[in-house]
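An overview of the molecular structure
As a plain string of letters, each chain reads:
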Amino acid sequence: MNILMKASVVVGATALLAACAGNYNIEKVSMMPDQGGAFASALHKHYVEHAQFEKGEGDWASVGFFNSRAEMAAMGKIPTAQMPSERKLKVDVNAIGQASNTLMAALKTNAPQVAPDACARAQTSFEHWMEQAEEGHQPDHIANERSAFEKAMPECKGEMAMAMPAIPEPFIVYFTHNSAELTSAANAIIERSAKAAMAAKVKRAVLIGHTDRSGSNAYNMALSQKRAEAVAKALMSYGLPKAEVQSSHAGETSPQVATDDGMRERMNRRVEVVFER
């Protein structure tokens, strides 16, 4: 055996070993249980399909590429879509560049969650289009993958996030003299505000109870606490979690309307409620 023949045997053996060591077991990867979400599962499925196609072509490097990405997707690790700069493209360079921008923009939205299969078809077909464009010698294969991408891409659309409802305006609940009872009108305001607060996903409702100056400081402090507790209890009864209701009381120390000591004043017998997010 001459030196040239020996070299050929070594090269052939090396290539064979490399092939054996690669990720070419498509059946094994296709049977892997999906550990990720719907998008990862769809990527798993469609990468396997592209690996099977390349197996039929005898292109083991591409089989390994697509099969490895299918394996990642099955494990719940979503492969980032390849960039055109990662391939030495021979054809469709401009079209692929534009397609990449469109695809990447869609994948940054909630499109993969809204349309997982379409987005998976778009990503895998795009990468296969690039693989074919890098080879550059099978126009029908290039056209087929481009067509598959262009069919899937319009379906890879997300939904516009609904605007978060505004935080409800602060409101005040007023009380009759020497009372912590809620009127029907007060209950209606509290119910309406509680529902609006939950829709706006507020994090906290801050309550401060107050009294007028018609009683002693100690009595009024206790009464303002009862009033704040009454409003807090009502807010919780309409659905606000207890952890989000923060209640305090100030007695007669912070009047809405200034009066002399001992004076009754309806505007000062109140609980102020402010929502925060």
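All of the points below concern the structure found in this document. Every value quoted in this text rests on a predicted model; they were computed, and no experiment measured them.

Here we take up the packing of helix α5 (residues 93-107) against helix α7 (residues 116-135). Interhelical geometry of α5 versus α7 gives an angle of 155° and a closest axis separation of 11 Å. In terms of orientation, α5 and α7 fall into the roughly antiparallel class. Pair α5 / α7 crosses with left-handed handedness. Packed against α5, whose contacting residues are Ala95, Ile96, Ala99, Ser100, Leu103 and Leu107, the element α7 presents Cys119, Ala122, Gln123, Phe126, Trp129, Met130 and Ala133 at the interface. Partitioning the contact of α5 with α7 into residue classes produces eleven nonpolar, two polar and no charged.

Our focus in this paragraph is the environment of Arg227. Structurally, the position occupied by Arg227 is in helix α10 (residues 217-237). In this structure the side chain of Arg227 is engaged in a polar contact, spanning 3.3 Å, whose partner is the backbone oxygen of Thr176.

Pairing in this open sheet of four strands is mixed, and the strands run β1-β4-β2-β3 from one edge to the other. Each of the sheet's edge strands pairs with one partner strand only, and the pair in question is β1 (171-174) and β3 (245-249). When strand polarity is set aside, the average angle formed by the axes of neighbouring strands in this sheet is 20°. Note that strand β2 (residues 204-209) and β3 share five bridges and pair parallel. Residue Gly209 lies in a different strand from β3, and its bridge partner there is His249.

Here we take up unusual backbone geometry. Of note in this structure, Asp92 is not a glycine but carries a positive phi near 55°. If you check the backbone angles, Lys201 has positive phi at about 55° while not being a glycine. Positionally, Lys201 belongs in the loop between α9 (184-199) and β2.

Take α9 next. Residue pairs spaced three or four apart in an α-helix point in one direction, given the helix's 3.6 residues per turn. Helix length check: α9, at 16 residues, gives a terminal C-alpha distance of 23 Å against a target of 22 Å (1.5 Å per residue), a fit within 8%. Where α9 is concerned, the buried positions are Ala186, Ile190, Ser193, Ala194 and Ala197. For α9, the buried positions fall inside an angular range of 105° around the axis, keeping them on one side. Opposite its buried face, α9 presents the exposed residues Ser184 and Arg192, each directed more than 90 degrees away. Positioned one or two residues after α9, Lys201 has a phi angle of 55°, which is positive.

Counted according to the given criterion, the structure contains seven aromatic pairs. Look at Phe126 and Trp129: their rings are 6.3 Å apart centre to centre, the planes differ by 90°, and that puts the pair in the edge-to-face class. Of this pair, Phe126 and Trp129 are both found in helix α7, three residues apart, which corresponds to roughly one turn of the helix. Here Phe126 matches Trp129 in class, with each residue buried. Linked through ring pairs, Tyr47, Phe65 and Phe66 together constitute an aromatic cluster. Above the ring of Phe65, the side-chain terminus of Arg87 is found at 5.0 Å from the ring centroid. If you follow Arg266 out to its NZ or CZ, it ends over the ring of Tyr174, 4.8 Å from the centre.

What counts, and at which threshold
- Residues numbered from 1 in each chain as written.
- Predicted model: local features only at pLDDT ≥ 70, side-chain atom pairs only at ≥ 80, totals over all residues.
- Heavy atoms only, no water.
- Axes fitted to C-alpha atoms, helices over the stretch in contact; angles between N-to-C directions.
- Helix = DSSP H or I, 4+ residues; strand = E, 2+ residues; numbered from the N terminus.
- Parallel < 35°, antiparallel > 145°, perpendicular 65-115°, else oblique.
- Left-handed = near helix turned anticlockwise from the far one by under 90°.
- Contact = heavy atoms within 4.5 Å.
- Nonpolar A, V, L, I, M, F, W, Y, C, P; charged D, E, K, R; others polar.
- Polar contact = N/O pair within 3.5 Å; in protein donor to acceptor, adjacent residues only side chain to side chain.
- Pairing = 2+ DSSP bridges.
- Expected span 1.5 Å × (residues − 1).
- Buried < 20%, exposed > 50% of the residue type's maximum accessible area, 1.4 Å probe, protein only.
- Arc of directions from axis to C-beta.
- Phe/Tyr/Trp six-rings, centres within 6.5 Å; stacked < 30°, edge-to-face > 60°.
- Lys NZ or Arg CZ within 6 Å of the ring centre and 35° of its normal.

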